[in-house]
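An overview of the molecular structure
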Amino acid sequence: MMEAGADAVYCAASFQTVERMASESIPVIGHVGLIPHFCTWTGGFKAVGKTADSAMAVYERCKRYEEVGAFGVEIEVVPPEVTAEIAEQTSLFLVSMGGGKGGDCQYLFACDVLGTNTGHVPRHAKQYANLAKEFARIQEMRIDAFKQWVGEVHSGAWPDAPYLVAAPEDEMKAFKSQMAKKKPAR
């Protein structure tokens, strides 16, 4: 990925994997808090760090990432107080997704910002546009357009001028005459 131009690698794999990449001078960002593909470990798709013990577990995970050489972590769906406190106690770059303003930057998926989701939209994902509704409207326009075209094909109205190529009448007579000579005998 680095050879392809990546500035860093996002990795929620084991600390050993992160440490190995960091030892090869690959900038790595880990993941703490709600980790979707590990959410069964934290009780499902819900906030993490709402208790003192859970918040300390998020902090300890951050410190472990720091120890193995990560330069940052995505801190997802934790109370803003937890993010702010961890920010004071770590050198990691905190990418906040639903973790409040205490992180070093804010992160949302484009599908959430643009409203292209058609299913559940997470509480932390503010929608600034509703492109899903617009895409549905456009899809209806597509269907209607194709229905109109098919109707014209079936009725014989398509294709017609000006959508056909015209040739001089004398050239077409000459062509038909030449073709008549090519017809096999029956």
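As shown above, the structure is provided for reference.
Scope of this entry: the structure provided in the associated data block. (Residues numbered from 1 in each chain as written. Predicted model: local features only at pLDDT ≥ 70, side-chain atom pairs only at ≥ 80, totals over all residues. Heavy atoms only, no water.)

The subject of this paragraph is the nonpolar core. Formed by 25 residues in total, the largest nonpolar core has its most connected members in Y65 and I86. Elements that contribute at least two residues to this core include exactly α1 (15-23), β2 (28-33), α2 (52-68), β3 (72-76) and α3 (80-89). Once residues within four sequence positions are removed from consideration, I86 is found in contact with V58, Y59, C62, I75 and L94. (Core = buried A, V, L, I, M, F, W, Y, C linked by side-chain atoms within 4.5 Å. Buried < 20%, exposed > 50% of the residue type's maximum accessible area, 1.4 Å probe, protein only. Helix = DSSP H or I, 4+ residues; strand = E, 2+ residues; numbered from the N terminus. Contact = heavy atoms within 4.5 Å.)

Moving on, we get to the packing of aromatic side chains. Within the structure shown, the criterion is met by three aromatic pairs. For the pair F15 and Y65, a centre-to-centre distance of 4.8 Å together with 70° between the ring planes defines the contact as edge-to-face. In this pair, F15 sits in helix α1 while Y65 sits in helix α2, placing the two residues 50 residues apart along the sequence. Here F15 matches Y65 in class, with each residue buried. On the numbers, 5.3 Å between centres and 45° between planes, the contact of W158 with Y163 is tilted. Owing to a relative accessible area of 29%, W158 belongs among the partly exposed residues under this scheme. (Phe/Tyr/Trp six-rings, centres within 6.5 Å; stacked < 30°, edge-to-face > 60°.)

Judged by side-chain polarity, F146, W149, V150 and V153 come together as a nonpolar surface patch covering roughly 380 Å² of accessible area. Structurally, V153 is set in helix α5 (residues 131-155). Here V153 falls in the partly exposed class, since its relative accessible area comes to 36%. (Patch = residues over 30% accessible without salt bridge, like charges linked within 9 Å, V, L, I, M, F, W, Y side chains within 5 Å. Areas by Shrake-Rupley, 256 points an atom, 1.4 Å probe, with all protein chains shown as cover. Salt bridge = Lys/Arg side-chain N within 4 Å of Asp/Glu carboxyl O.)

Bringing the pattern of salt bridges into the picture now. Scanning the entire structure with this criterion turns up five salt bridges. A salt bridge links E24 to R20; its shortest N-O distance comes to 2.5 Å. A salt bridge links R64 to E67; the shortest N-O distance between them is 3.5 Å. A residue pair is termed a helical-turn pair when its members lie 3 or 4 positions apart in one helix, as R64 and E67 do in helix α2 at three residues.

A few words on the packing of α2 against α3. Interaxial distance between α2 and α3 falls to 10 Å at its minimum, and their mutual angle equals 35°. Classified by chirality, the crossing of α3 by α2 is right-handed. Residues A55, V58, Y59, C62 and K63 of α2 pack against V82, I86 and Q89 of α3. Tallied by class, residues from the contact of α2 with α3 come to six nonpolar, one polar and one charged. (Axes fitted to C-alpha atoms, helices over the stretch in contact; angles between N-to-C directions. Left-handed = near helix turned anticlockwise from the far one by under 90°. Nonpolar A, V, L, I, M, F, W, Y, C, P; charged D, E, K, R; others polar.)

Here we come to the environment of G99. On the secondary structure map, G99 appears in the loop between β4 (93-97) and β5 (105-106). Separated by 60 residues in the primary sequence, G99 and P159 have C-alpha atoms spaced 59 Å apart. For G99, the contacting residues outside a window of four places in its chain are I75, V77, V78, P79, P80 and T83.

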